[in-house]
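Descriptive structure summary
Spelled out from the first residue to the last, the chains are:
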Amino acid sequence: PFRRVRQVVASTTEFTSIQEIADRARVPEQTTHTHVSELVDAGLAISDDTDGKTVYKRSEVGVAIQQIQEMQTAYNSAELEAKVDAITSQIASLQAEYDVTDPDGLASTLSDGDETWSDVSEWRTLERNQAIGEAALALYGLGEDSGEGD
């Protein structure tokens with residue numbers, strides 16, 4: 001049951017009730033409440049009290065931490081540095097192509113039906129991946145378990 005609840009919460013980007021999480025996970029509400037509370041305590045979910053009702057969604061910080069851990073497991077520091085450098089080059093190419101410094105600058109020049117919106121989305125994804133990669137690099141060597149691939 002915990003794995004199913006965790007998977008549902010990990011895909012929940014909008015605040016959601018325990019009942020809905022339980023329904024989607026096919027787990028009893030009380031069990032779901034216990035597991036979601038554990039996820040909140042672990043920093044993988046956040047809660048909000050709205051009209052006396054507590055709702056939950058995934059924690060973006062928790063998602064980023066998981067992605068950092070996955071990167072450190074998949075790549076050694078040299079490989080990760082090469083990936084970050086490649087992303088930096090892609091961002092520089094977008095900056096040169098559109099003569100703007102960031103995706104918001106590009107977005108401000110577009111109209112609703114413009115096909116370039118996909119480049120805005122790609123650019124934002126690149127920036128997020130760059131930040132996560134840089135964080136993973138910065139954390140290499142800080143703990144016993146990090147940098148195993150070095």
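Here is a short report on the structure shown in this document. These numbers come from a predicted model, not from an experiment.

**Points about the nonpolar core**
Counting 11 residues, the largest nonpolar core is built from V5, V8, V9, I18, I21, A25, V27, V36, L39, A45 and Y56. Not counting chain neighbours up to four residues away, the residues in contact with I21 comprise V5, V8, V9, T16, T32, V36 and Y56. One finds I91, L106, L110 and L126 within the second-largest nonpolar core, a separate group that totals 10 residues.

**Quick notes on the side chain of T16**
Inspection of the secondary structure assignment puts T16 in strand β1 (residues 16-17). Polar contacts involving the side chain of T16 include one to the main-chain carbonyl oxygen of E14, which spans 2.8 Å. Ignoring anything within four residues of it in the chain, the contact list for T16 reads I21, V55 and Y56.

**Structural notes on the pairing of strand β3 (residues 53-58)**
Successive residues of a regular strand alternate their side chains across the two faces of the sheet. Relative to β3, β1 is paired through 2 bridges, and the arrangement is antiparallel. Counted as the bridge partner of S17 is V55 from β3. When strand β2 (residues 45-50) meets β3, the two strands line up antiparallel, connected through 6 bridges. Counterpart to D48 in the pairing with β3 is V55. Where β2 folds back on β3, the antiparallel hairpin that results is connected by 2 residues, among which D51 adopts a positive phi of roughly 55°.

**Considering the packing of aromatic side chains**
This model, assessed by the stated rule, comprises 0 aromatic pairs. Positioned above the aromatic ring of F15 is the side chain of K57, whose terminal nitrogen or guanidinium carbon lies 4.8 Å from the ring centre.

**What to know about the packing of helix α4 (residues 60-74) against helix α7 (residues 117-139)**
Contact geometry of α4 with α7 gives a least axis separation of 9 Å together with a crossing angle of 60°. Like other packed secondary-structure pairs, α4 and α7 cross with a definite hand, here right-handed. Residues E60, V63, A64, Q67, I68, M71 and Q72 of α4 touch α7, and the partners they reach there are R128, N129, I132, G133, A135, A136 and L139. For the contact of α4 with α7, a count of residues per class yields 8 nonpolar, 4 polar and 2 charged.

**Side note on the environment of Q72**
With respect to the secondary-structure elements, Q72 resides in helix α4. Expressed as a C-alpha distance, the spacing of Q72 and G133, which sit 61 residues apart in the sequence, is 9.0 Å.

**What about the sheet that holds β3?**
An order of β1-β3-β2 is seen for the 3 strands of this open sheet, with the pairing classed as antiparallel. Edge positions in the open sheet fall to β1 and β2, since each of these has one partner strand only.

Conventions we followed
Residues numbered from 1 in each chain as written. Predicted model: local features only at pLDDT ≥ 70, side-chain atom pairs only at ≥ 80, totals over all residues. Heavy atoms only, no water. Core = buried A, V, L, I, M, F, W, Y, C linked by side-chain atoms within 4.5 Å. Buried < 20%, exposed > 50% of the residue type's maximum accessible area, 1.4 Å probe, protein only. Contact = heavy atoms within 4.5 Å. Helix = DSSP H or I, 4+ residues; strand = E, 2+ residues; numbered from the N terminus. Polar contact = N/O pair within 3.5 Å; in protein donor to acceptor, adjacent residues only side chain to side chain. Pairing = 2+ DSSP bridges. Phe/Tyr/Trp six-rings, centres within 6.5 Å; stacked < 30°, edge-to-face > 60°. Lys NZ or Arg CZ within 6 Å of the ring centre and 35° of its normal. Axes fitted to C-alpha atoms, helices over the stretch in contact; angles between N-to-C directions. Left-handed = near helix turned anticlockwise from the far one by under 90°. Nonpolar A, V, L, I, M, F, W, Y, C, P; charged D, E, K, R; others polar.

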